[in-house]
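# Residue-level structure breakdown
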Number of protein chains: 2
Amino acid sequence: MKTRILSGLIMLPLLVFLWLGGKWLLLACFAVALMGVREFYNGFRKMGVSPCAPIGYAAAFCLYTLGLFLLSSPTGTEYIYPLYMLWFFGVTVASLLVLFKIEKRTLSDGMATLTGVFYVVFFSFHVVLVDSFFGIAVWLIVLTAFGTDIMAYFSGMAFGKHKLCPKISPKKTIEGSVGGILGSMVLCLLFAHFFLADFSDKAMLMGLVIGLLGGIISQFGDLTASIFKRHMGIKDYGNLIPGHGGILDRFDSVLFTAPMVFYVLWIWNLICPFGW
Amino acid sequence: MKTRILSGLIMLPLLVFLWLGGKWLLLACFAVALMGVREFYNGFRKMGVSPCAPIGYAAAFCLYTLGLFLLSSPTGTEYIYPLYMLWFFGVTVASLLVLFKIEKRTLSDGMATLTGVFYVVFFSFHVVLVDSFFGIAVWLIVLTAFGTDIMAYFSGMAFGKHKLCPKISPKKTIEGSVGGILGSMVLCLLFAHFFLADFSDKAMLMGLVIGLLGGIISQFGDLTASIFKRHMGIKDYGNLIPGHGGILDRFDSVLFTAPMVFYVLWIWNLICPFGW
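Counting starts from 1 at the beginning of each chain's written sequence and moves along it residue by residue. Labels are handed out in written order, letters beginning with A for the chains and numbers beginning with 1 for the ligands. The model is predicted, so local features are restricted to residues of pLDDT at least 70 and side-chain atom pairs to those at 80 or more, both for listing and for counting; the totals for chains, interfaces and linings are taken over all residues. Side-chain metrics rest on all non-hydrogen atoms present in the structure, leaving aside hydrogens and water.

Below, the discussion takes up the overall build of chain A. Secondary structure elements follow DSSP: runs of H or I of four or more residues count as helices, runs of E of two or more count as strands, with numbering from the N terminus. Counting its secondary structure elements, chain A contains 10 helices and 0 strands. Of the regular secondary structure in chain A, the N- to C-terminal order runs α-α-α-α-α-α-α-α-α-α. Taking the principal axes of its C-alpha atoms as reference, chain A extends roughly 60 × 50 × 30 Å. Sorting the 276 residues of chain A into buried and exposed places 56% on the buried side. In chain A, the share of contacts with a sequence separation of at least 24, taken over all contacts with a separation of at least 6, comes to 73%. Using the Shrake-Rupley algorithm and a 1.4 Å probe, accessible areas are obtained, with residue cover drawn only from the displayed protein chains. As displayed, chain A offers around 11,700 Å² of accessible surface, 70% of which is attributable to carbon and sulfur atoms. Neither His nor the chain ends is counted toward charge; the positive residues are Lys and Arg and the negative residues Asp and Glu. Charged side chains are reduced to one point each, which is NZ for Lys, CZ for Arg, CG for Asp and CD for Glu. For chain A, the distance from the average position of its 19 positive side-chain charges to the average position of its 13 negative side-chain charges is 10 Å. Any residue under 20% of the maximum accessible area for its type is buried, any over 50% is exposed, and the rest in between are partly exposed; the area is computed with a 1.4 Å probe on protein chains only. Should any heavy atoms of two residues lie within 4.5 Å, those residues are considered in contact.

The operation relating the pair of chain copies consists of a rotation about an axis and a translation along that axis. The atoms used to superpose the copies are C-alpha atoms, taken from residues with pLDDT of at least 70 in both, and the fit is least squares. Turning chain A through 180° and shifting it by 0.0 Å along the axis lays it on chain B, with an RMSD of 0.0 Å. Those values place the two copies in the arrangement expected of a two-fold rotation axis. When the interface residues of chain A are mapped onto chain B, 100% of them again lie at the interface, so the same face is used by both copies.

Attention shifts here to helix α2 (residues 22-46) of chain B. Expected span, for any helix, means 1.5 Å times one less than how many residues it has. Between the first and last C-alpha of α2(B) there are 36 Å, a value that for 25 residues agrees with the 36 Å anticipated at 1.5 Å per step. Just past α2(B), the residue Gly48(B) takes up positive phi, approximately 80°.

Residues and elements named next belong to chain A. Together, Val-16, Trp-19, Leu-20, Trp-24 and Leu-27 make up an exposed nonpolar region whose accessible area comes to about 590 Å². Looking at the nonpolar patch, the elements with two or more residues in it are α1 (2-20) and α2 (22-46). Assignment of secondary structure puts Trp-24 in helix α2. Any residue with relative accessible area above 30% and no salt bridge may belong to a patch, with like charges joined within 9 Å and the nonpolar Val, Leu, Ile, Met, Phe, Trp and Tyr side chains within 5 Å. We count a salt bridge whenever a side-chain nitrogen from Lys or Arg sits within 4 Å of a carboxyl oxygen from Asp or Glu.

Every contact between the two is made by 52 residues of chain A and, on the other side, 52 residues of chain B. By buried area we mean the combined loss of accessible area, with a 1.4 Å probe, across both parts when two parts are placed together. Regarding the contact of chain A and chain B, the summed buried area is about 4,900 Å², with carbon and sulfur atoms giving 89% of it. Our count for the chain A to chain B interface comes out at 2 salt bridges. Within 3.5 Å is the distance limit for a polar contact, defined as a pair of N or O atoms, with the added protein rule that one can donate a hydrogen and the other accept it, and that residues adjacent in sequence qualify only through two side-chain atoms. Between the two partners, chain A and chain B, sit 8 residue pairs in polar contact (both at pLDDT 80 or more). Elements with a minimum of two residues in the side of chain A that touches chain B: α4 (81-97), α5 (107-134), α8 (203-232) and α10 (254-271) of chain A. In terms of residues, the side of chain A that touches chain B owes the most to one element, α4(A), which gives 12 residues. In the scheme used here, Gly and all other residues not listed as nonpolar or charged are polar, with Ala, Val, Leu, Ile, Met, Phe, Trp, Tyr, Cys and Pro taken as nonpolar and Asp, Glu, Lys and Arg as charged. For the side of chain A that touches chain B, the per-class residue count stands at 41 nonpolar, 6 polar and 5 charged.

Residues and elements named next belong to chain A. Under the counting rule described, the total for this entry stands at 10 salt bridges over all chains. Here Asp-249 and Lys-229 are joined by a salt bridge, their closest N and O atoms 2.5 Å apart. Of the two residues, Asp-249 is situated in helix α9 (residues 247-251) and Lys-229 in helix α8; the sequence distance between them amounts to 20 residues.

It is worth spelling out the side chain of Ser200(A) at this point. Looking at the secondary structure, you find Ser200(A) in the loop between α7 (174-195) and α8. Within the structure, the side chain of Ser200(A) is placed 2.9 Å from the backbone nitrogen of Lys202(A), a separation counted as a polar contact.

Another aspect to go through is the side chain of Gln219(A). Its place among the elements puts Gln219(A) in helix α8. A distance of 2.7 Å separates a polar atom in the side chain of Gln219(A) from a polar atom in the side chain of Ser177(A).

Let us look at the confidence of the model for chain A. Looking at chain A, pLDDT values average 91 and 93% of them are 70 or higher. Prediction confidence for the complex, expressed as pTM and ipTM, is 0.93 and 0.93 respectively. On a scale of 0 to 100, pLDDT captures the predictor's confidence in every residue.

This next bit is on α5(A). All names here are of chain A. An ideal rise of 1.5 Å per residue puts 40 Å on 28 residues; α5 measures up with 40 Å between its terminal C-alpha atoms. Extensive coverage of α5 is indicated by the burial of 28 of its 28 residues. Gly-135 sits one or two positions beyond α5 and adopts a positive phi of about 50°.

With that settled, consider the packing of aromatic side chains. Residue and element names in this part refer to chain A. Pairs were defined over the aromatic rings of Phe, Tyr and Trp, the Trp ring being its six-membered one, requiring ring centres within 6.5 Å. Orientation was assigned from the angle between planes: stacked under 30 degrees, edge-to-face over 60, tilted for the rest. A full pass over the atoms with the stated rule returns 69 aromatic pairs over all chains. Taking the centre distance of 6.4 Å and the plane angle of 70° together, the rings of Phe-44 and Phe-228 count as edge-to-face. Placement of Phe-44 in helix α2 and of Phe-228 in helix α8 is noted, with a sequence separation of 184 residues between them. Grouping residues by exposure puts Phe-44 and Phe-228 together as buried.

Below, the discussion takes up the packing of α4(A) against helix α4 (residues 81-97) of chain B. Between two packed helices, both the angle of their axes relative to each other and the distance between the axes serve to describe the pair. α4(B) packs onto α4(A) with a crossing angle of 25° between their chain directions and a minimal axis gap of 9 Å. If you check the angle between α4(A) and α4(B), you find them roughly parallel. Regarding α4(A) and α4(B), the two cross each other, and that crossing is left-handed. Here α4(A) contributes Tyr81(A), Pro82(A), Tyr84(A), Met85(A) and Phe88(A) to the contact with α4(B), which in turn contributes Tyr81(B), Pro82(B), Tyr84(B), Met85(B) and Phe88(B). Here the residues of the contact of α4(A) with α4(B) sort into 10 nonpolar, no polar and no charged. Axis lines are fitted through C-alpha atoms, for helices just across the contact stretch, and the angle between N-to-C directions can take any value from 0 to 180 degrees. An angle below 35 degrees is treated as roughly parallel, one above 145 as roughly antiparallel, one from 65 to 115 as roughly perpendicular, and anything else as oblique. Helix crossings get a hand from a simple test, with the near helix turned counterclockwise from the far one by less than a right angle marking a left-handed crossing and a clockwise turn marking a right-handed one.

All names here are of chain A. Checked against the element boundaries, Leu-255 lands in helix α10. The class for Leu-255 is buried, based on a relative accessible area of 4%. A sequence separation of 229 residues divides Leu-255 from Leu-26, and the C-alpha atoms of the two residues are 15 Å apart. Other than its neighbours up to four places away in sequence, Leu-255 contacts Tyr-119, Val-120, Phe-123, Ser-124 and Leu-248.

Turning our eyes to something else, we now look at the state of the cysteines. Residues and elements named next belong to chain A. Two cysteine sulfur atoms form a disulfide, by the criterion used here, when they sit within 2.5 Å. Per the stated rule, a full pass over the model turns up 0 disulfides over all chains. Cysteine Cys-29 is unpaired, with the sulfur of Cys-62 as its nearest cysteine sulfur at 17 Å. Note on Cys-29: relative accessible area 10%, which makes it buried.

Moving on, we come to the environment of Val264(B). Residues and elements named next belong to chain B. Within the fold, Val-264 resides in helix α10 (residues 254-271). Distance in space between the C-alpha atoms of Val-264 and Val-93 is 30 Å, their sequence separation being 171 residues. Discounting residues that sit within four places of it in the chain, Val-264 has contacts with Ile-210 and Leu-213.

Now for the environment of Leu26(A). Residue and element names in this part refer to chain A. Looking at the secondary structure, you find Leu-26 in helix α2. Of the residues examined, Leu-26 reaches a relative accessible area of 6% and is grouped as buried. In this structure, the C-alpha to C-alpha distance between Leu-26 and Thr-65, residues 39 residues apart in sequence, is 9.4 Å. If near-sequence neighbours (up to four positions away) are discounted, Leu-26 is found in contact with Tyr-64, Gly-67, Leu-68, Leu-71 and Val-128.

The structure is reproduced here in structure tokens:
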């Protein structure tokens, strides 16, 4: 528990970047993407798979450079959207190029390179997308992720009896999972009520929906990271802050809540346009 | 050679779909994507990896359904572009879900699922994109792919001395490769001159650029397929037409020339707008 609270405190300075938004947040996310993809590929190396790290870094650089266009004018830049698709094409081709050293490379080397780019770089980029398109709503990403994590921990401690998925993560309980979802819903509801009323007259419903989906998907993100680590034979992705794991251990839920928040808000805005 | 000419003839009926365009071409590409992803996953099974085929089929269905929007109005539908990104997110999450049966699944099962969707489904979809946005220019995709293939074969036969990459594909020669690129350039140049003059006053330069890039990338596509098949321990992806391999053996180059043609035309149009 001490570890959990301490690692929570370590995240606090990062919230400054959320508050600053714009270029600062983009830079922070870019740094997280670079460190994250490095940790992810190092994990693969522990199981004898050798992804090509320069492709991961170059992919992050290109995607976050595209993100700079968004910052200048999020809604006047529809014309650059195909560049995102070009990015997907380029990443896939680059990962396949890895395989051309046919005697030194296995198919897994190329596939792990690709998976790392999508899982770490593409997913994390949605923080920038939410910030560019929906401003203050970017806080929902961390509220739902950390709200779920903390509330799942405490309700698991208090009521936990039935194991959730002992083979993947032996300590998690169904009670903790439900508590996490409820915690995420309450936090997002409150945030929407106080800060998103300008967006929509149904802001609270929006908060509730995002809180519910976020509570589920952030646990899914947590478990996905556990699965990768189990197969890689590691306990933590890294040792960025001694005793508190790597950057991916801290952001495994955010990787999934960020896209969820973006697409829910984007579809919501398409159906009943925001009034901001 | 008989095989090569016969398999060329077998492709002819498919050209009808190119000529019809629109919904018919979309349906034909959808069918190729489904059969292609099936063959690709079957190849993985030969090496003990078990991708999740239903995810591949569902991904193809969703992407080609999105393609229907494009057909109705290619340029008035920028607002749906984020749905493509949602598709990328959904495909990645679904492929990661595969891993939740932690005792039965290896990381490769999920990564191969993902790779198949990007390599076969996403790449092939660019035929629909080119058809929707650039109409008749869709012919460039097959002209450069089959032009390279046929001219590489004949110039390799006539002048071939120096091996290109004996470890991947023992029969290919540098002379054949250069001949293929030249053949592709000539074909695309002629096509641009006769059919694309309305697009741009620099149509012939455009044909030359696409012919050059297409000649390179279609051989890259051919070699990529060879690398996959070598690792999978198979000679052909399938046996769709006895003695002529599977659908992926026929379309391995098109998978790469289609995105190339789309992005070159799209960037070209962005820099000096087409006059059509």
